[in-house]
Amino acid sequence: MPSTDKAQWIDVYQRLEKPLYNVVYRVIWDSAESQDVVQETFLRCWRRKDDIRADGFKALLFRTALNLASNRRRRTRIWRIVSVEVLDDVADESNATDVFSKPVREAFDNLPTTLRDVLLLTELAGMTYPEIATALGIAEGTVGSRRTRALALLRERLDVQGVASHEY
């Protein structure tokens, strides 16, 4: 977005903030952390705005957010492993706004990252296959096959757990 003015930037933020948050939240499952990641994503992209092509901006924004969210998730897991008491009891205050039941969330959370990212970008961010291919650096056909595989794995895992199909 070379020479983007503040009004354009605000418009982009207003259009993409919620879809971006929805994707990030499904990676780290924490409302406050997700908001931080979204803000950090926009800040990083703002700093590089003169180097970003307009046609690749959305893909870059979501790729940056997924990378930041994955890093936060990894860091949180590491701290939990070393038994930091504060992190062991992280409140699940976001459950009230979460549309996924616990079994659905666990099944979704346990998808391989490559499949989960595609599902997040297609279903929650509403991105097109070409946009996702650009964001993840994969072929468009791979986007479709990963989405299909992710949905099949979710169904399989949830059927084993006896979760009703209307929950996902």
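All figures in this text were calculated on a predicted structure; none of them were measured in a lab.

Peer 1: Would you mind showing me how to read the packing of aromatic side chains here?
Peer 2: In this description, a pair of aromatic rings is defined by centroid distance and the angle of the planes. This model, assessed by the stated rule, comprises seven aromatic pairs. On the numbers, 5.5 Å between centres and 65 degrees between planes, the contact of Trp 9 with Phe 57 is edge-to-face. A residue pair is termed long-range when its members are at least 10 positions apart, and Trp 9 in helix H1 (residues 6-28) and Phe 57 in helix H3 (residues 57-81) qualify at 48 residues. Exposure class is identical for Trp 9 and Phe 57. Each is buried. A centroid spacing of 5.6 Å and a plane angle of 70 degrees characterise the contact between Tyr 25 and Trp 29, whose relative ring orientation is edge-to-face. Trp 29 shares its class with Tyr 25; the two are buried. Joined through ring pairs, the aromatic side chains of Trp 9, Tyr 13, Phe 42, Trp 46 and Phe 57 make up one cluster.

Peer 1: I tried to follow H1 on my own but got confused; where do I start?
Peer 2: Along an α-helix, residues three or four positions apart point the same way, because every turn accommodates 3.6 residues. Leu 16 marks where H1 bends most, by close to 45 degrees; the proline Pro 19 follows one to four residues later. Trailing H1 by a residue or two, Trp 29 shows a phi angle of about 55 degrees, which is positive.

Peer 1: Would you explain helix H2 (residues 31-47) in this entry?
Peer 2: Taking 1.5 Å of rise per residue, the 17 residues of H2 would be expected to cover 24 Å, and the 24 Å separating its terminal C-alpha atoms lies within 8% of that figure. By the burial criterion, the buried members of H2 are Ser 34, Val 37, Val 38, Thr 41, Phe 42 and Cys 45. Angular distribution of buried residues about the axis of H2 spans 130 degrees; they occupy a single face of the element. Where H2 begins, the side chain of Asp 30 points an oxygen toward the backbone nitrogen of Ala 32, at a separation of 3.2 Å.

Peer 1: Help me understand the environment of Val 12, please; the structure alone is not making it clear to me.
Peer 2: Mapping Val 12 onto the fold places it in helix H1. A relative accessible area of 5% means that Val 12 is categorised as buried.

Peer 1: What exactly am I supposed to notice about the nonpolar core here?
Peer 2: One broad trend across soluble globular proteins is that nonpolar side chains are buried collectively. In this structure, Phe 42, Phe 57, Phe 62 and Leu 121 are the most contacted members of the largest nonpolar core, which totals 45 residues. Only H1, H2, H3, helix H5 (102-109), helix H6 (113-124), helix H7 (129-136) and helix H8 (140-161) provide two or more residues apiece to this core. Ranked by the residues each element gives to this core, the list is headed by H1, at 10 residues. Look past the residues within four positions of Phe 42 in its chain and what remains in contact with it is Trp 9, Val 12, Tyr 13, Leu 16, Glu 17, Leu 20 and Leu 61.

Peer 1: Sorry, what's going on with the confidence of the model for the protein here?
Peer 2: Scored by pLDDT, the protein comes out at a mean of 78, with 77% of its residues at no less than 70. Contacts for the low-pLDDT stretch residues 78-97, under 50 throughout, to residues beyond four places or in other chains number 13 contacts.

Peer 1: In this structure, what is going on with the pattern of salt bridges? I would like to understand it.
Peer 2: Once their charged atoms are close, side chains differing in charge can pair, the charge on each being opposite to the other. Within the structure shown, the criterion is met by eight salt bridges. A salt bridge links Asp 36 to Arg 72; the shortest N-O distance between them is 3.7 Å. Here Asp 36 is found in helix H2, whereas its partner Arg 72 is found in helix H3, with 36 residues between them in sequence. On the accessibility criterion, Asp 36 (40% relative accessible area) is partly exposed. A salt bridge links Arg 63 to Asp 117, with the shortest nitrogen-to-oxygen separation between them at 4.0 Å.

Scoring rules and cut-offs
Residues numbered from 1 in each chain as written. Predicted model: local features only at pLDDT ≥ 70, side-chain atom pairs only at ≥ 80, totals over all residues. Heavy atoms only, no water. Phe/Tyr/Trp six-rings, centres within 6.5 Å; stacked < 30°, edge-to-face > 60°. Helix = DSSP H or I, 4+ residues; strand = E, 2+ residues; numbered from the N terminus. Buried < 20%, exposed > 50% of the residue type's maximum accessible area, 1.4 Å probe, protein only. Bend = angle between axes of the 7 residues up to and from the residue. Expected span 1.5 Å × (residues − 1). Arc of directions from axis to C-beta. Polar contact = N/O pair within 3.5 Å; in protein donor to acceptor, adjacent residues only side chain to side chain. Core = buried A, V, L, I, M, F, W, Y, C linked by side-chain atoms within 4.5 Å. Contact = heavy atoms within 4.5 Å. pLDDT = per-residue confidence, 0-100. Salt bridge = Lys/Arg side-chain N within 4 Å of Asp/Glu carboxyl O.

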